[in-house]
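Take a look at the letters that make up each chain.
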Amino acid sequence: NGNLTTVETTFSGNSTDEGNGGAVRVLGVANLSGSTFENNVTYGGSGGAIYSTNTMNIADSTFSTNEASVEGGSIWSNSSMVIINSTMSGNVAAGGGGAILITGSGGIALEVSDSSFESNESTNSAGGAIFVTSSGGNSISIISSQFQEN
C-alpha cells in the first residue's frame, strides 16, 4: 500500500503474464515526473505500463507503445488523475482506453493540460485515447492538449 515517486526514470520492456500492470502495480499515490514508460505489456490483464488504485500525478512524462490485453493500454486507474506536459503515443488495449482507462463509482477527477495523445488504439471497445467508465459526479478537464489519430 505504499506510495510511488519516480523522477527521470525509465521503465522499458517489462511484462506480466498474469495480472495487472506490465511495469508497475501501485496501491498508494503515484507521483511521476520526467519518466518514460515504453514497450511494457500485460498479457491477460489491464494497465500495460501501470495499474493504479489511487491518485496519480503525472508530469513531463512519456508513455509509448505499451499494451494491455484487457483495458488501459498504458494506464488503468480507479481514482483521480492529473496529467501535465506529457505524451501518450502508440499505446494499445484490447478493451477500453487505448492510452488510459479510468473506472470507479463516481467522483473521479481527470485533469489533462499541455499534453499530447497520438495513435493510441482500443481494438475491441471504446476510447482510443481515454475511456472514463466511472458513473456520476465526475469532473473532466482538458486544456491546451492535442488528440490525433486515436
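Every value quoted in this text rests on a predicted model; they were computed, and no experiment measured them.

Cut-off values and rules
- Residues numbered from 1 in each chain as written.
- Predicted model: local features only at pLDDT ≥ 70, side-chain atom pairs only at ≥ 80, totals over all residues.
- Heavy atoms only, no water.
- Buried < 20%, exposed > 50% of the residue type's maximum accessible area, 1.4 Å probe, protein only.
- Helix = DSSP H or I, 4+ residues; strand = E, 2+ residues; numbered from the N terminus.
- Pairing = 2+ DSSP bridges.
- Phe/Tyr/Trp six-rings, centres within 6.5 Å; stacked < 30°, edge-to-face > 60°.

What to know about the pairing of strand 5 (residues 30-33)
The side chains of a regular strand alternate, first on one face of the sheet and then on the other.
Reasoning step 1: Only one face of strand 5 is covered, namely the face carrying Ala 30 and Leu 32; the face carrying Asn 31 and Ser 33 is uncovered.
Reasoning step 2: Here strand 5 pairs with strand 9 (residues 56-59) via four bridges, running parallel. Bridging from a neighbouring strand, Leu 32 pairs with Ile 58 of strand 9.

Here we look at the packing of aromatic side chains
Reasoning step 1: Tallying each qualifying case throughout the model produces four aromatic pairs.
Reasoning step 2: Considering the side-chain rings of Phe 11 and Phe 37, the 4.6 Å spacing of their centres and the 5 degrees angle between planes classify their relative orientation as stacked. With a gap of 26 residues between them, Phe 11 in strand 2 (residues 10-12) and Phe 37 in strand 6 (residues 36-38) connect regions that are remote in the sequence.
Reasoning step 3: Residue classification places Phe 11 among the buried residues on the basis of a relative accessible area of 17%.
Reasoning step 4: Owing to a relative accessible area of 0%, Phe 37 belongs among the buried residues under this scheme.
Reasoning step 5: Their ring planes at 5 degrees and their centres at 4.8 Å tell us that Phe 37 and Phe 63 sit as a pair that is stacked. Placement of the pair is Phe 37 in strand 6 and Phe 63 in strand 10 (residues 62-64), with a sequence separation of 26 residues. Summarising the burial analysis for this pair, Phe 37 and Phe 63 share the class buried.
Reasoning step 6: Site record: aromatic cluster; members linked through ring pairs are Phe 11, Phe 37 and Phe 63.

All we've got here are geometric facts, nothing functional implied.
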